[in-house]
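# Analysis of the macromolecular model
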Amino acid sequence: MLTLLILGGTSEARELAAAIAPRDGVHLVSTLAGRVSDPRLPAGEVRIGGFGGVDGLASWLRSHDVSAIIDATHPFAARISASAASAAQLVGVPLLMLRRSGWSPVPGDNWHWVTSLDEAAHSLPPGRVFLTTGRQGLLFFADSDRWFLIRCVDPPPPPLPAHHRLLLARGPYTVDGELTLMRDHRIDVLVTKDSGGPYTAAKLTAARTLGLPVIIVRRPTPPDVPTVATVAEALSWLDSAVA
Ligand code: NAP
């Protein structure tokens with residue numbers, strides 16, 4: 001019996017779990033950080049909460065006799081990916097990173113790349129801001145005098161900017177919906193991370209259609225581990241790991 005650990009919290013992690021859970025000979029465990037109050041759960045066994053850093057994860061891998069790990073966490077979940085790389089090496093467990101490709105601008109886009117949320121907050125042009133970077137790191141925008149439409153899944157912790165409307169929502173989103181939202185709130189600039197993937201890409205199309213600038217935060221540098229971009233490639237890797 002192969003014990004496979006999927007580090008999750010993304011749609012790809014759920015797709016992967018759905019494909020693997022029915023297989024004979026695999027004991028699948030998916031893990032979530034526990035950040036979202038009502039998470040979409042993957043198929044199969046699910047464990048919720050952190051491991052306690054590299055040492056905690058390494059000891060979990062040993063005690064559960066894990067045969068392989070697929071890190072299918074979000075491209076901006078840098079700490080758990082770094083932990084996974086170190087713990088896998090420490091214990092000698094094969095690790096694959098499943099990381100969807102980032103977004104690329106197309107003609108008509110007006111994107112401004114930044115390296116951090118802090119830099120994004122200091123790069124805002126005048127006007128009303130659609131802030132879609134999630135609930136972590138909003139403190140960088142807290143001192144801004146701009147008006148913000150803040151969209152995230154769960155209520156963010158304070159401090160928040162003085163002038164804002166909070167919209168609690170979870171993708172996927174449509175281009176028509178994003179256009180309506182951005183027009184209704186008279187948005188002047190979109191701020192996003194380079195999350196990649198189709199589920200939240202409609203805002204970029206809407207910004208292009210409306211001729212709005214986009215401030216886009218670059219991904220953190222991933223650890224140097226074998227990496228694929230699709231669920232199909234991850235399944236092939238698993239097949240060869242099992243073989
Ligand atoms: P992070 O900064 O890399 O992780 C912080 C800590 O949370 C980690 O050190 C680890 O705790 C724990 N953790 C994170 N992901 C975990 C997982 N899948 N299973 C078990 N423990 C996990 O991550 P984050 O940016 O806070 O993201 C948390 C989760 O939300 C991730 O699973 C990610 O896939 C998902 N997510 C993140 C974003 C984003 O923009 N960051 C967006 C969508 C979804 P210990 O050190 O104690 O092990």
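Small disclaimer: the values here were computed from a predicted structure and weren't measured.

This brings us to the sheet that holds strand E3 (residues 45-48). Note: strands within a sheet are paired through backbone hydrogen bonds, in either parallel or antiparallel orientation. Spatially, six strands are ordered E3-E2-E1-E4-E5-E12 in an open sheet, and the strand pairing comes out parallel. Of all the strands in the sheet, just E3 and strand E12 (227-228) have a single pairing partner and so form its edges. Pairing between strand E2 (residues 26-32) and E3: four bridges, direction parallel. Looking across to E3, one finds that Leu32 is bridged to Ile48.

Neighbouring the ligand are 21 residues; Gly8, Thr31, Phe51, Gly52 and Lys193 lie closest to it. Here an oxygen atom of the ligand sits 2.9 Å away from a polar atom, N or O, in the main chain of Arg79. One nitrogen or oxygen atom from the side chain of Lys193 is found 2.8 Å from an oxygen atom belonging to the ligand. For the shell around the ligand, the secondary structure elements donating two or more residues are E2 and helix H3 (78-91). Looking at the shell around the ligand element by element, the count peaks at three residues for H3. Residues belonging to the shell around the ligand are distributed by class as follows: eight nonpolar, 10 polar and three charged.

A word on the nonpolar core. The biggest cluster of nonpolar side chains holds 20 residues, and the ones touching the most others in it are Leu4, Ile6, Leu16, Ile20, Ile70, Leu98 and Ala234. Residue assignment for this core shows that the elements contributing at least two residues are strand E1 (2-7), helix H1 (11-20), E2, strand E4 (68-71), strand E5 (95-98) and helix H7 (231-242). Ranked by residues supplied to this core, first place goes to H7 with five residues. Setting aside residues up to four positions removed in sequence, Leu98 forms contacts with Glu12, Leu16, Ile70, Asp71, Ala72, Thr73, Val228, Ala229, Thr230, Val231 and Ala234.

Reading the values: rules and limits
- Residues numbered from 1 in each chain as written.
- Predicted model: local features only at pLDDT ≥ 70, side-chain atom pairs only at ≥ 80, totals over all residues.
- Heavy atoms only, no water.
- Pairing = 2+ DSSP bridges.
- Helix = DSSP H or I, 4+ residues; strand = E, 2+ residues; numbered from the N terminus.
- Near = heavy atom within 4 Å.
- Polar contact = N/O pair within 3.5 Å; in protein donor to acceptor, adjacent residues only side chain to side chain.
- Nonpolar A, V, L, I, M, F, W, Y, C, P; charged D, E, K, R; others polar.
- Core = buried A, V, L, I, M, F, W, Y, C linked by side-chain atoms within 4.5 Å.
- Buried < 20%, exposed > 50% of the residue type's maximum accessible area, 1.4 Å probe, protein only.
- Contact = heavy atoms within 4.5 Å.

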